[in-house]
Amino acid sequence: MGYGRGRQSRGRLFPRFLGRVIFLLLIFCCGFIFYYIVNGQALPFKDQTRAPYSAKRAGGGGASNHDEGEGSGEKKEAWQLILVNKWHPMPEDYQVELTELSNGQSVDSRMYPSLQKMFDDARSQGIYPTVASGYRTAKRQQSLLDEKIAEYEAEGCTGAEARRKAKKWVAVPGTSEHQLGLGVDINADGVHSKGEEVYDWLDRNGYQYGFIRRYPKDKTGITGIINEPWHYRFVGVKAAKEIYRRGVCLEEYLGEVSH
Ligand SMILES: [Zn+2]
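We now turn to the structure provided with this report. The model shown is predicted, which means the values in this text are computed figures rather than measured ones.

**Some details on the overall build of the chain**
Turning to step 1, where the next piece is worked out: Tallying secondary structure elements over the chain gives 11 helices and 6 strands in all.
Turning to step 2, where the next piece is worked out: Once local pairs closer than 6 in sequence are excluded, the contacts in the chain between residues at least 24 apart make up 69%.

**What about the coordination of the zinc ion?**
Turning to step 1, where the next piece is worked out: Within the first shell, the zinc ion binds the protein through His 178 (NE2), Asp 185 (OD) and His 231 (ND1), at distances of 2.0 to 2.1 Å.
Turning to step 2, where the next piece is worked out: Donor residues binding the zinc ion come from one chain and are separated in sequence as H-x6-D-x45-H. Taken together, the residues span a long stretch of sequence, with Asp 185 in strand β4 (residues 183–188) and His 231 in strand β6 (residues 228–234) at a distance of 46 residues. This pair shows no difference in class: Asp 185 is buried, exactly as His 231 is.

**Focus on the packing of aromatic side chains**
Turning to step 1, where the next piece is worked out: Applying the stated criterion across every chain, the model contains 5 aromatic pairs.
Turning to step 2, where the next piece is worked out: Taking the centre distance of 6.2 Å and the plane angle of 50 degrees together, the rings of Tyr 199 and Trp 230 count as tilted. Taken together, the positions of Tyr 199 in helix α8 (residues 195–205) and Trp 230 in strand β6 put the pair 31 residues apart, joining distant regions of the chain.
Turning to step 3, where the next piece is worked out: Grouped by ring-pair contacts, the aromatic residues Trp 79, Phe 211 and Phe 234 constitute a single cluster.
Turning to step 4, where the next piece is worked out: A cation over an aromatic ring shows up here: Arg 110 above the ring of Trp 79, its NZ or CZ 4.2 Å from the ring centre.

**Examining the pattern of salt bridges**
Oppositely charged side chains can form a pair if their charged atoms are brought close together.
Turning to step 1, where the next piece is worked out: Scanning the entire structure with this criterion turns up 12 salt bridges.
Turning to step 2, where the next piece is worked out: We note a salt bridge from Arg 204 to Asp 200, for which the minimum N-O separation is 3.1 Å. Of this pair, Arg 204 and Asp 200 both sit in helix α8, 4 residues apart, roughly one helical turn.
Turning to step 3, where the next piece is worked out: Each member of the salt-bridge network shares a partner with another, and the members are Glu 177, Arg 214, Arg 233 and Glu 251.

**Let's talk about helix α5 (residues 112–124)**
Because an α-helix packs 3.6 residues into every turn, residues spaced three or four apart end up facing the same way.
Turning to step 1, where the next piece is worked out: Between its terminal C-alpha atoms α5 stretches 18 Å, which fits the 18 Å expected from 13 residues at 1.5 Å a residue.
Turning to step 2, where the next piece is worked out: Contact partners of the buried residues in α5: β2 (106–108), β3 (129–133), β4, α8 and β5 (211–215).
Turning to step 3, where the next piece is worked out: Just beyond α5, the residue with positive phi is Gly 126, at close to 85 degrees.

**What to know about the nonpolar core**
Turning to step 1, where the next piece is worked out: Formed by 26 residues in total, the largest nonpolar core has its most connected members in Met 111, Leu 115, Met 118, Val 184, Ile 186 and Phe 211.
Turning to step 2, where the next piece is worked out: Every element with two or more residues in this core is listed here: α5, β4, α8 and β6.
Turning to step 3, where the next piece is worked out: Top element by residues in this core is α5. It accounts for 4 residues.
Turning to step 4, where the next piece is worked out: Aside from chain neighbours lying at most four places away, what touches Phe 211 is Met 111, Ser 114, Leu 115, Met 118, Val 184, Gly 206, Tyr 232, Arg 233, Phe 234 and Ala 240.

**Description of a positive patch on the surface**
Turning to step 1, where the next piece is worked out: Taken together, the side chains of Lys 86, Arg 163, Arg 164, Lys 167 and Lys 168 present a region of like positive charge at the surface.
Turning to step 2, where the next piece is worked out: Residue position: Lys 86 is located in the loop between α4 (74–78) and β1 (98–100).
Turning to step 3, where the next piece is worked out: In this structure Lys 86 comes out as partly exposed when scored by relative accessible area, which is 44%.

**Remarks on helix α6 (residues 138–154)**
Turning to step 1, where the next piece is worked out: Taking 1.5 Å of rise per residue, the 17 residues of α6 would be expected to cover 24 Å, and the 24 Å separating its terminal C-alpha atoms lies within 8% of that figure.
Turning to step 2, where the next piece is worked out: Three or more residues of α6 are buried, namely Gln 141, Leu 144, Leu 145, Lys 148, Ile 149 and Tyr 152. All buried residues of α6 project into a common sector of 135 degrees when viewed along the axis, lining one side. Seen from the buried face of α6, the exposed residues on the opposite side, beyond 90 degrees, are Lys 139 and Ala 154.
Turning to step 3, where the next piece is worked out: In this fold, the buried residues of α6 make contact with α7 (159–169).
Turning to step 4, where the next piece is worked out: Phi turns positive, to about 105 degrees, at Gly 156, one or two residues after α6.

**Notes on the packing of α6 against α7**
Turning to step 1, where the next piece is worked out: Between α6 and α7, the shortest axis-to-axis distance is 8 Å and the interhelical angle comes to 130 degrees. Between α6 and α7, the angle falls in the class oblique. Note that α6 runs across α7; the crossing there is right-handed. Contacts between α6 and α7 involve Leu 145, Lys 148, Ile 149, Tyr 152 and Glu 153 on the former and, on the latter, Gly 159, Ala 162, Arg 163, Lys 165, Ala 166, Lys 167 and Trp 169.
Turning to step 2, where the next piece is worked out: Among the residues forming the contact of α6 with α7, the class breakdown is 6 nonpolar, 1 polar and 5 charged.

**Details of the environment of Gly 126**
Turning to step 1, where the next piece is worked out: Tracing the backbone shows Gly 126 in the loop between α5 and β3.
Turning to step 2, where the next piece is worked out: Overall, Gly 126 belongs to the partly exposed group, its relative accessible area being 38%.
Turning to step 3, where the next piece is worked out: Separated by 72 residues in the primary sequence, Gly 126 and Val 198 place their C-alpha atoms 9.9 Å from one another.

Calculation rules
- Residues numbered from 1 in each chain as written.
- Predicted model: local features only at pLDDT ≥ 70, side-chain atom pairs only at ≥ 80, totals over all residues.
- Heavy atoms only, no water.
- Helix = DSSP H or I, 4+ residues; strand = E, 2+ residues; numbered from the N terminus.
- Contact = heavy atoms within 4.5 Å.
- Donors = N, O, S within 2.8 Å, 3.2 Å for Na, K, Ca; no water.
- Buried < 20%, exposed > 50% of the residue type's maximum accessible area, 1.4 Å probe, protein only.
- Phe/Tyr/Trp six-rings, centres within 6.5 Å; stacked < 30°, edge-to-face > 60°.
- Lys NZ or Arg CZ within 6 Å of the ring centre and 35° of its normal.
- Salt bridge = Lys/Arg side-chain N within 4 Å of Asp/Glu carboxyl O.
- Expected span 1.5 Å × (residues − 1).
- Core = buried A, V, L, I, M, F, W, Y, C linked by side-chain atoms within 4.5 Å.
- Patch = residues over 30% accessible without salt bridge, like charges linked within 9 Å, V, L, I, M, F, W, Y side chains within 5 Å.
- Areas by Shrake-Rupley, 256 points an atom, 1.4 Å probe, with all protein chains shown as cover.
- Lys, Arg positive; Asp, Glu negative; His and termini not counted.
- Charge placed at Lys NZ, Arg CZ, Asp CG, Glu CD.
- Arc of directions from axis to C-beta.
- Axes fitted to C-alpha atoms, helices over the stretch in contact; angles between N-to-C directions.
- Parallel < 35°, antiparallel > 145°, perpendicular 65-115°, else oblique.
- Left-handed = near helix turned anticlockwise from the far one by under 90°.
- Nonpolar A, V, L, I, M, F, W, Y, C, P; charged D, E, K, R; others polar.

Written as structure tokens, this is what we have:
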């Protein structure tokens, strides 16, 4: 009996007090979820790994932010402009949140929507690209380098020679943009399109989606990597447009040509 009354009593109070509390909690939760959707996966702790280094570069473009529709200032852009090459290894504690593609490759979740949009538009124009290689672990990068070294050794190169040549094609672990999840090797699907058609389309259109051809043939001395028409790097639309317009590479754009 006592138990029954207790329940009745709680039942009368529920709409007046608990109902309002739950309603307020729901609003709070929705706001919280909305905040993370709006911010994508750009969790603050990730940006901080590079913020002191790249934030000042972000302003170097000089243009406004409006063309990306992000309207968010330098900090939000910093992750897009991380410079990783043989002279600038990535931070050891770098963390990346990945989105897996339908073919099993993965890319940084923050750039994924731009990549998808670029591929959708290419396909609507009869060009069929595919991500041949996206994110790589350090271990995977090392095994790719080892394979390349073995190739040169098989051709008769000495160990040191094979290593020197291999490094022109394959970055040493810690110096590859593939480990950031922001570099992608894009090739033709092999059915509807040929490699050259895809490279050509990307070369002409990639910047509109925030992607740059990262290792152009006339910049190998600066990038340290041989001409790779398939390797694209996400830098955001603002930087990509300026890099494309000026015909510079990422190192030049960032003012990091010190070697
Ligand atoms: Zn690549």
